[in-house]
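Observations on the three-dimensional arrangement
Residues per chain, in single letters:
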Amino acid sequence: MPAVTTSEPSSSDSTPRRPRPAYEKLQRRRLVGGLISPPPPEADQNADMESGDDIEGDPPMEMNVDEVPHYFPLPPKLTDEAVIKKSQASQTPTSWMNSRPPHRSIGIQSTLLTDPVPVPTLIKKAAAPRKPVSVCESVDDISTDSEEENEAIADPDYEPRESEEEDMLADDKPTAFVEMSDNNLTLLEEPKYLVTESSIRNLFSTCPKCGHEATCSKMVLGTLLSVTAVCKQCGTCRTWNNHPRVSGVPALNILLSGGILFTGSIPSKVFRLFRMLNIQCHTTRTFFRHQVQYLNEAVKKTWDEEQEQLLAATKEKELVLGGDARCDSMGHCAKFGTYVVMEMEVNKVLSLQTVQSNEVKSSYHMELEGIKRSKPLFQDHNVKALVTDRHRQVAKWIRESWKVPHYFDCWHIVKGLGKKLEKMAKKKALQPIRSWIKSIKYHLYWAVMSTPDGNPEVIREKWMGCVEHIQNRHGKCQHGPLEKQKMWLLEGKLALH
């Protein structure tokens, strides 16, 4: 083994050697425990010495307080009366060497051999929630109601109105017997009911002429049920259908497909519900066949008639049109685009044009093609103004071809301004702008909406007043006294420019 050399401190070095931190910490604990804790009886001390319950590896040592090294602070010397008062006030063992007295646990229900000694717990009890105090409410006005009453006031129980209770009870109570008369209702307006097969079989199991038993047979085609009953005695034959046919097609099949399409439902889920209840209906394939052959043509015919009525009703009025396009997907890879032109005063759609991307150069040109197809519908109308987004191709075409007063939609401008301000506020020198973004956007809305005649000079002056306002200069402002204060921007700062 290599020899281990030890270096002895030189006699010229008068500074004492600092002990190890663990040994220094143990000395401090023993010293503080001996000063604060009451001294144990001599009998207990001798018992502890004989049993060897001291810390392993650290022999018991005697230390004089006056001989403690000077490199860690000493507590002040206390008299016997002060030591007793301090120990009674604390009632908590200050050293981990002192054993904790026995006590009853909350989670364990058992009988202790000795009387439990009350020991103060180290876990603080959670304070009761306080009622929020309003700014205008003084401390003396705070109510002392219970938590249940406060919760009842904040979240009262729901009590249905009388009309709602009647609606809920109407489903459980049968209606009175009324005469079933022919009111000349259409098939769509006529009430329809769900009937089980056993109930239908009971109606046709007996011959109406002779009263003998009849044989029943059925034919099902989607929602259509055709029942044929033949009497075994007299041979009377009769046939019954649950609904009529229209050009050879069951009428309820078409109505069911139309209800799914016009309500925006998903065919697979509707037919899955019918199969779960074992209600007879047609398949998803038949639904799409009905959509192609009948429903799409019905939608187009209805829209053409409605559009003609709207254009005729607005022919003598000054129209304020708003146009915008939407695509089936975001970005520049859309397949279809729809351009909608709406009359802003009557809030009705007057034109709806669908454009496919392969009909134009690219998907970016679908919006321009949509407004071009909408223009012939308004040749005989007086267009007062046209509002669109800031599409550069559309703006140029309106300026050169349509030549009507053109305005940009304020919502698109505010949205673009907000994005630019958010991007600027990410820089460290421009962070003060973030607290003003919402107010600046509202101010732009106000500058436009508070100018009914649309004078651009007035709108510009109102908008530029925002620069003065955010510097806490309100000479040009039209608002009253400010209730809330924000961080004003100083003149000359980079955030202001």
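Summary of the structure given here. Going along each chain's sequence as written, the residues are numbered from 1 onward. A pLDDT threshold of at least 70 governs which residues receive local features in this predicted model, and a stricter bar of 80 or more applies before side-chain atom pairs are shown or counted, although totals over entire chains, interfaces and linings include all residues. Side-chain metrics rest on all non-hydrogen atoms present in the structure, leaving aside hydrogens and water.

We now examine the packing of helix α10 (residues 366-374) against helix α11 (residues 392-402). Each pair of packed helices can be described by the angle between their axes along with the distance between the axes. Convention adopted: a line fitted to C-alpha atoms gives each axis, helices being fitted over their contacting stretch, and angles between N-to-C directions are expressed from 0 to 180 degrees. Numbering of helices and strands starts at the N terminus; helices are DSSP runs of H or I of at least 4 residues and strands are runs of E of at least 2. The interhelical angle for the contact between α10 and α11, taken along N-to-C directions, is 30°, at an axis separation of 9 Å. Between α10 and α11, the crossing angle belongs to the class labelled roughly parallel. Like other packed secondary-structure pairs, α10 and α11 cross with a definite hand, here right-handed. Contacts between α10 and α11 involve Glu367, Leu368, Ile371 and Lys372 from the first element and Gln393, Val394, Trp397, Ile398 and Trp402 from the second. Any residue that is not Ala, Val, Leu, Ile, Met, Phe, Trp, Tyr, Cys, Pro, Asp, Glu, Lys or Arg is counted as polar, Gly included; the first ten are nonpolar and the last four charged. By residue class, the composition of the contact of α10 with α11 is six nonpolar, one polar and two charged. Should an angle fall under 35 degrees it is taken as roughly parallel, and over 145 as roughly antiparallel, whereas 65 to 115 is taken as roughly perpendicular and any remaining angle as oblique. Each crossing gets its handedness from the near helix: less than a right angle anticlockwise from the far helix is left-handed, clockwise is right-handed. Contact definition: two residues touch when any of their heavy atoms are within 4.5 Å.

This part takes up the environment of leucine 221. On the secondary structure map, leucine 221 appears in strand β1 (residues 214-221). Partly exposed residues are those whose accessible area sits between 20% and 50% of the maximum for their type, while under 20% is buried and over 50% is exposed, using a 1.4 Å probe and protein chains only. We classify leucine 221 as partly exposed; its relative accessible area is 38%. Leucine 221 sits 32 residues away from asparagine 253 along the chain, and the two C-alpha atoms are 8.9 Å apart. Sequence-distant contacts of leucine 221, that is, excluding residues within four places in its chain, are made with Arg245, Pro250 and Asn253.

With that settled, consider the pattern of salt bridges. In what follows, salt bridge is the name for a side-chain nitrogen of Lys or Arg lying within 4 Å of a carboxyl oxygen of Asp or Glu. Tallied over the full model, the rule gives eight salt bridges. Across the pair lysine 300 and aspartate 304 runs a salt bridge, and its minimum N-O distance is 3.3 Å. Of the two residues, lysine 300 and aspartate 304 both sit in helix α9 (residues 284-313), four residues apart, roughly one turn of that helix. On the basis of relative accessible area, aspartate 304 is assigned to the partly exposed category, the value being 29%. Arginine 434 is the salt-bridge partner of glutamate 422, the closest N and O atoms lying 3.2 Å from each other. With glutamate 422 in helix α12 (residues 410-425) and arginine 434 in the loop between α12 and α13 (437-449), this pair connects stretches of sequence that are twelve residues apart. Salt bridges here are not isolated pairs; linked through shared partners, they connect Glu197, Arg201 and Lys218.

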